[in-house]
Structures are given as structure tokens and as C-alpha cells.
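# Structure assessment
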Amino acid sequence: MKSKFTLPNLIAFSFLYYALTLVSGYPNGAPENSCGDPTPIHQTRINATHIGIYYPLSMETSGYSLETSGAQYSGARGSRIRVTLRAAPNDYFRGFFVQATRNGFPLEAINRPAYGTFRPLDDNSQARRCRAAVGGVGGITHTNNRDKNVVSFDWYPPASCNLGNVQFVATVVKQYNEYWVDVRSPNVTGVGFQGERGILCQLYNDPFNTGIQQEVIRLLSQQQQQQGQQQGQQQQARTAG
């Protein structure tokens with residue numbers, strides 16, 4: 001089923017029509033801003049002056065699942081989880097966007113973290129870089145609008161960083177007027193970690209914490225100053241020699 005809302009006048013229509021035109025259809029993959037808001041905006045013309053929006057369908061009608069190759073990840077370099085987006089038998093999807101985030105974290109929350117790095121396994125998917133603050137944080141999306149029943153890709157957590165319980169979250173598009181958001185995988189739990197989280201790992205876990213951000217900036221500035229002093233001393237030594 002689809003639902004619509006109408007705009008009351010032509011001025012509002014003109015503004016929203018321009019905005020929606022930018023994000024209404026991406027057969028070659030979700031745009032970069034999907035990282036912050038993975039809900040697509042799909043529009044339909046009602047008449048000469050009004051448009052409507054197709055809203056996400058109820059999760060009760062979703063025939064899709066996100067599966068993982070294991071229930072645990074480790075901090076070892078190269079540790080990975082294979083993630084599979086699957087449609088029900090005889091069903092299909094055309095577009096998708098997948099992220100890893102904290103278990104149970106609301107999809108609409110503006111401070112929702114994105115974890116790890118995705119790598120495609122075939123030509124049906126491509127990685128999306130969502131936030132460059134710490135490591136290769138990102139998501140993964142489609143490359144074409146062909147019918148698909150299943151697609152798999154690998155997820156790599158940051159080395160030596162305990163993210164706690166992680167959950168994969170997908171937006172799945174079947175047709176322009178049929179899409180679902182908040183398709184979730186089972187939890188994946190970090191194991192084998194020891195000691196306290198380092199400052200970069202703390203930022204990875206809580207990327208919108210201004211206190212941690214300021215501490216990281218302070219440490220980076222301090223490191224740059226130390227490197228500059230060392231380079232100056234080396235230059236003086238070469239000159240004296």
C-alpha cells in the first residue's frame with residue numbers, strides 16, 4: 001500500500017519538488033547523505049500543482065532478512081563478518097543501503113554511530129564512505145536496479161576496538177513505491193578484547209561526543225608539535241654536521 005500527503009500551495013510545491021528531484025531516484029546506489037538518514041524520499045505527481053510521497057511500508061509486510069556468518073567479532077586485524085541481504089523465495093529487491101550500528105540504536109537518531117568498513121563481493125554492491133573521523137567508517141549500497149534475490153558483502157570492524165553489541169540495519173527497495181527501512185540482523189558481539197578503550201576507539205564508539213572530539217584534537221595537535229620539533233632538531237643536526 002502507499003500513502004500520500006499533499007502540499008497546500010504552488011510555492012511550497014515548487015520548493016519541495018526541487019528538493020525531492022535531487023534524491024528521488026538512484027538506480028546506481030544510494031547517495032552519500034544516506035549515511036545520516038537512510039530513508040529514501042520517493043515522490044509521485046498528483047496533479048499539475050501537487051505531489052505526494054510514498055512512505056515506507058510496514059515491517060510486518062517485509063520479506064527480507066539480514067544474515068551474518070557468525071555471532072561474534074574480534075579485535076584481530078583482518079577479522080570480518082559476512083553479511084547477506086536475502087529476499088523470501090520468489091521475491092526480489094532492486095536497491096539497498098546497509099550500515100552497522102549499535103545494537104537497538106534508533107534509526108532516526110541524529111547521533112546514530114556507523115561502524116566498520118564494508119567490502120563488496122560482486123558487481124551488485126559498492127561501499128559508501130559515511131564518516132572519515134575514525135577509520136574507514138561506511139555503509140554499502142547497490143550498483144544497479146536489476147532484480148536481486150540475495151547479495152552478500154564483508155564487514156570489517158576496526159582493529160583492536162571493542163564496539164560492544166553491533167547490529168546491521170538495511171533499507172530495502174523493491175520498486176519505486178515499495179520500500180522498507182529498519183530491516184535488522186541479529187546481534188554480533190565483540191569477544192577477546194582486553195584493557196580500556198583507547199581514545200580513538202572511544203571516539204569510534206561515541207563519535208558525536210564533543211569532549212572526546214576535543215581530546216582527540218588536542219592529542220593530534222600535540223603529536224604534530226612533537227613531530228615538528230623532532231624534524232627541527234634533525235635539520236639542525238644535519239646543518240651542524
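Residues numbered from 1 in each chain as written. Predicted model: local features only at pLDDT ≥ 70, side-chain atom pairs only at ≥ 80, totals over all residues. Heavy atoms only, no water.

Before going further, it helps to spend a moment on the pairing of strand β10 (residues 150–156). With respect to burial, β10 is a largely interior element, six of its seven residues being buried. In this sheet, β10 lies alongside strand β5 (residues 81–87) in antiparallel orientation, the contact comprising six bridges. Bridge pairing in β10 links valine 83 to phenylalanine 153. In this structure, strand β7 (residues 117–120) lies alongside β10, joined through four bridges in antiparallel fashion. Among the inter-strand pairings, threonine 117 is bridged to a residue of β10, identified as tyrosine 156. (Buried < 20%, exposed > 50% of the residue type's maximum accessible area, 1.4 Å probe, protein only. Helix = DSSP H or I, 4+ residues; strand = E, 2+ residues; numbered from the N terminus. Pairing = 2+ DSSP bridges.)

On to the state of the cysteines. A complete count under the given rule lists one disulfide for this structure. Here cysteine 161 connects covalently by a disulfide to cysteine 201, the sulfurs 2.0 Å from one another. Here the S-S torsion is close to 90°, and the disulfide linking cysteine 161 with cysteine 201 is therefore right-handed. Taken together, the positions of cysteine 161 in the loop between β10 and β11 (165–175) and cysteine 201 in helix α2 (residues 199–205) put the pair 40 residues apart, joining distant regions of the chain. (Disulfide = S-S within 2.5 Å.)

For the rest of this paragraph, the subject is the packing of aromatic side chains. Enumeration according to the criterion identifies nine aromatic pairs in this entry. Summarising the aromatic geometry, the rings of phenylalanine 96 and phenylalanine 153 are spaced 5.9 Å apart at their centres and angled 20° between planes, so their arrangement reads as stacked. Of this pair, phenylalanine 96 sits in strand β6 (residues 95–102) while phenylalanine 153 is found in strand β10, placing the two residues 57 residues apart along the sequence. Look at phenylalanine 96 and you get buried, because its relative accessible area is 2%. Each ring, one from tryptophan 155 and one from phenylalanine 168, has its centre 5.2 Å from the other, and the planes form 85°; the classification is edge-to-face. A residue pair is termed long-range when its members are at least 10 positions apart, and tryptophan 155 in strand β10 and phenylalanine 168 in strand β11 qualify at 13 residues. Residue tryptophan 155 is classed as buried on the basis of its relative accessible area, which comes to 0%. By relative accessible area, phenylalanine 168 is classed as buried at 0%. Through successive ring pairs, a cluster of aromatic residues spans Tyr64, Tyr73, Phe93, Phe96, Phe118, Phe153, Trp155, Phe168, Trp180 and Phe193. A cation over an aromatic ring shows up here: arginine 119 above the ring of tyrosine 156, its NZ or CZ 4.4 Å from the ring centre. (Phe/Tyr/Trp six-rings, centres within 6.5 Å; stacked < 30°, edge-to-face > 60°. Lys NZ or Arg CZ within 6 Å of the ring centre and 35° of its normal.)

So, about the sheet that holds β7. On the basis of which strands lie adjacent, the open sheet formed by four strands has the order β3-β5-β10-β7 and antiparallel pairing. Each having just a single partner strand, β3 (64–68) and β7 make up the two edges of the open sheet. Sheet twist, expressed as the average angle between the axes of neighbouring strands with direction ignored, equals 25°. Here β3 runs beside β5; their pairing, made up of five bridges, is antiparallel. Among the inter-strand pairings, threonine 68 is bridged to a residue of β5, identified as valine 83. (Axes fitted to C-alpha atoms, helices over the stretch in contact; angles between N-to-C directions.)

We now examine the confidence of the model for the protein chain. Per-residue confidence for the protein chain gives a mean pLDDT of 77; residues scoring 70 or more make up 73%. Taken element by element, the protein chain is modelled with least confidence in helix α1 (residues 10–23), mean pLDDT 30, and with most confidence in β5, mean pLDDT 97. Note on residues 1–24: pLDDT is under 50 here. Beyond four places in sequence and across chains, it has 46 contacts. (pLDDT = per-residue confidence, 0-100. Contact = heavy atoms within 4.5 Å.)

Right, let's talk about unusual backbone geometry for a bit. Backbone geometry at serine 160 places phi at a positive 60°, although glycine is not the residue there. Counting through the fold element by element, serine 160 comes out in the loop between β10 and β11. Positioned with a positive phi, aspartate 182 is a non-glycine residue whose angle comes to about 70°. You can see aspartate 182 is positioned in strand β12 (residues 178–184).

Judged by nonpolar contacts, the single largest core of 29 residues is most densely connected at Val98, Trp155 and Phe168. The set of elements that each furnish at least two residues to this core consists of β3, β5, β6, β10, β11, β12 and α2. Leu107, Val169, Tyr179 and Val181 belong to the second largest nonpolar core, which has five residues in total. (Core = buried A, V, L, I, M, F, W, Y, C linked by side-chain atoms within 4.5 Å.)

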